[in-house]
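Each chain is listed here by its residues.
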Amino acid sequence: MPRGGVASAAAGALVLLLGAPGPAAAGGPGGDGGVVLRWKPCADEAQAAFECAVANVPLDHTRPRYRTIELAVIRHRAARPAERAGALFFNPGGPGGPGTVGLPELYEKFPRELRDRYDIVSWDPRGVGASTAVRCFSTTAEAAAWQEKVPAFPVGEREQRAFSAAYADLARRCERRDPELLSHVSTADTARDLDLLRRATGEERLNYWGVSYGTLLGATYANLFPERVGRLVVDGNVDPRAWMDRGATGEPELNTFLRLGSHLGSAGTLEQFLDHCGRARVTGCAFSAGTPAATRAKYRSLLRRLADRPVGGWTYARTVSEVRGGLYTVHPGWAGIADTLQGLWGGRAPVDPGSVATDPARYPGFEQSIAVMCAESPNPRSPDRYPRLERRAVAEAGAMGSWWVWADEPCAAWPARAARTYTGPWNRTTAHPVLVVNTTHDPSTPYRSARAMAAELGGARLLTLDGYGHTALDNPSACVGRHVVRYFRTGALPPQGARCRQDLPPFVERIPGPTPPPASAGTPTETGPPGGATVRVLPPYGVWPPEVVSGLLPPRYAAEAPDRR
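Keep in mind it's a predicted model, so treat the numbers as computed, not measured.

A.B. asks: Could you clarify how one ought to interpret the packing of aromatic side chains in this entry?
C.D. replies: Each aromatic ring pair is described using two quantities: the centre-to-centre distance and the angle formed by the ring planes. This structure, assessed with the given rule, holds 23 aromatic pairs. Ring geometry for F153 and Y316: centres 6.0 Å apart, planes at 85 degrees, overall edge-to-face. In this pair, F153 is assigned in the loop between α4 (140–148) and α5 (157–177) and Y316 in helix α13 (residues 316–326), connecting sequence segments 163 residues apart. Classification of F153 as buried rests on a relative accessible area of 0%. Taking the centre distance of 5.0 Å and the plane angle of 45 degrees together, the rings of Y221 and F225 count as tilted. A residue is classified by how much of its surface remains accessible, and F225, at 13% relative accessible area, is buried. The ring of W314 has R318 sitting right over it, with the charged end atom 4.1 Å from the ring centre.

A.B. asks: Please explain the side chain of D44 as it appears in this structure.
C.D. replies: Mapping D44 onto the fold places it in the loop between β3 (40–41) and β4 (51–58). For the buried D44, which has no salt bridge, the nearest side chain bearing the opposite charge is R362, at an N-O separation of 5.8 Å. Reaching out from D44, the side chain makes a polar contact with the backbone nitrogen of A46 at a distance of 2.8 Å.

A.B. asks: I tried to follow the pattern of salt bridges on my own but got confused; where do I start?
C.D. replies: Side chains that differ in charge, positive against negative, can pair when their charged atoms come close. Taken as a whole, this structure holds 24 salt bridges when the rule is applied. Linking R77 and E51 is a salt bridge whose minimum nitrogen-to-oxygen distance equals 3.3 Å. Of this pair, R77 sits in the loop between β5 (68–76) and β6 (86–91) while E51 sits in strand β4, and the two are 26 residues apart along the sequence. Assessed through its relative accessible area of 19%, E51 is described here as buried. Here R296 ties to D275 by a salt bridge, and the two come within 2.3 Å at their closest N and O atoms.

A.B. asks: Is there a simple way to think about helix α7 (residues 187–200) in this case?
C.D. replies: Every α-helix carries 3.6 residues per turn, so stepping three or four residues along brings you back to the same face. The end-to-end C-alpha distance of α7, which contains 14 residues, comes to 20 Å, matching closely the 20 Å that a straight helix rising 1.5 Å per residue would cover. The element α7 is largely enclosed, with a buried count of 11 among its 14 residues. T187, A188, D189, T190, A191, D193, L194, D195, L196, L197 and R198 are the residues of α7 that are buried. Once α7 ends, the next one or two residues include G202, with phi positive near 80 degrees.

A.B. asks: Before we go on, may I ask you to explain the sheet that holds strand β10 (residues 435–441) in this structure?
C.D. replies: Adjacent strands of a sheet form backbone hydrogen bonds with each other and so pair up, either parallel or antiparallel. On the basis of which strands lie adjacent, the open sheet formed by 10 strands has the order β3-β4-β5-β7-β6-β8-β9-β10-β11-β12 and mixed pairing. Taken across any chain shown, the strands that pair with only one partner, and hence form the sheet edges, are β3 and β12 (499–501). The sheet contact formed by β6 and strand β8 (residues 206–211) spans 3 bridges and is parallel. The residue bridging F90 from the neighbouring strand is W209, located in β8. Here α7 sits on the sheet and contacts β4, β5, β6, β7 (118–123) and β8; the angle it forms with β4, its principal contact strand, is near 125 degrees. Of the strands in this sheet, β9 (229–235), β10, β11 (461–468) and β12 are in contact with helix α18 (residues 447–456), which crosses β10 at around 160 degrees.

Conventions and cut-offs
Residues numbered from 1 in each chain as written. Predicted model: local features only at pLDDT ≥ 70, side-chain atom pairs only at ≥ 80, totals over all residues. Heavy atoms only, no water. Phe/Tyr/Trp six-rings, centres within 6.5 Å; stacked < 30°, edge-to-face > 60°. Helix = DSSP H or I, 4+ residues; strand = E, 2+ residues; numbered from the N terminus. Buried < 20%, exposed > 50% of the residue type's maximum accessible area, 1.4 Å probe, protein only. Lys NZ or Arg CZ within 6 Å of the ring centre and 35° of its normal. Lys, Arg positive; Asp, Glu negative; His and termini not counted. Salt bridge = Lys/Arg side-chain N within 4 Å of Asp/Glu carboxyl O. Polar contact = N/O pair within 3.5 Å; in protein donor to acceptor, adjacent residues only side chain to side chain. Expected span 1.5 Å × (residues − 1). Pairing = 2+ DSSP bridges. Contact = heavy atoms within 4.5 Å. Axes fitted to C-alpha atoms, helices over the stretch in contact; angles between N-to-C directions.

These values are about where atoms sit, not about what they do.
Here it is in structure tokens:
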């Protein structure tokens, strides 16, 4: 799911997309209509130790001889070849997340046992990245100039009209360049590509770890090809029925992200961030005001101030967007949010990440996420609906609600509909049960979506991570790692109701000196990490309000958002 502002994070992958995909070796259809992968070392420095290839697949899987498109594929071979157990496919989310970037960025976060025993394989899905891509601008500079003019979300009627006009312009640009491709970038199309890639690696069944939007892809594959499911982990879950509006054919009442409850997930996680920050000393959380209540009030005051007086380029909308994205990864994301907010509180604009981009030549690709989502997930077609949806979302989730409503507004003008989508059923019996993993405080795919996914998939098992952030892979837990490794190696599912904790809670302080004895309940606990320092864990950790665990958040966030009338 998306991470940054609408134009940049409607491009949205789970990871910050750093580095450029390297050139890949040519490959093509095999004699039986399959795919042949010809691997060679990737050329890009960010992909050192990885191998790249190109797969040629049909644009339309119902007409395999009509037109082919290219998929950029990447893999890291098993670290212990003598113990190799097969290939494990990975999708980094989005939609619009290129695996040729996401896998190198996240590879070290996979449990060592999986890196030792599996070739870990990923790819840029059709329409994305270095594959045959949706590209609505002639040059990177042209795309970046367009993107620069569009805010994270609009504030006020004049900005709303300009925002809608900008995305209507984008839709016209995209339709002119390759209208045929726009109708064939659905999740179902990508699931069929994945099955061809599985065959090309010689795997009888699919082993897969999908995060964020990759969970929807995993669920789609599991129901299109249930007999070909090996070990399949879905982590940070999209409720597939909500994404598809339960297969309805008429105009939807809500946009995609309100159906998913993403605004509630962000609001609940933000409240946890502010509470933990408020309990921490400023050496642990720079934005702390001494108590949770005071820190929440400080945050609301800062947003009101920014609505009237931006700090440099940091407007109210940009700040809300950056905070939302920073909630995805607890370490180092939460400390980074706190530093940013404290700088803005003092009137100092943070360094703009865009000004220190390592690869300004990379095509931004923000339209690629839009192309997938808008073609298959129903959204209101009238721009006039979105201000009303925003008022509803803000009442339920505060300022975060604005971002999650306007992230779908580009779909109002989008010119294409997927030629073939998969809308269910979602409960087909798979060759092996699916493992569903989710944090209890996920700012993008809330815990209730994981419960829905586990209930909808045939025979699936839910593993709960009591913690924060978007996906267990990006917010590590040794406990989750042990369950996942056991599942991949033996097929054993965690016990019913199994729960884990993250390795580190938010806002830890490193204090010189020896490790003291364990503290009593209700006080900071101490653990001794390597290096002789002490990590002071700030309470409370593992105590969640029941309504947040259930995903049913009360409407208590409206005070964060300024009056836009």
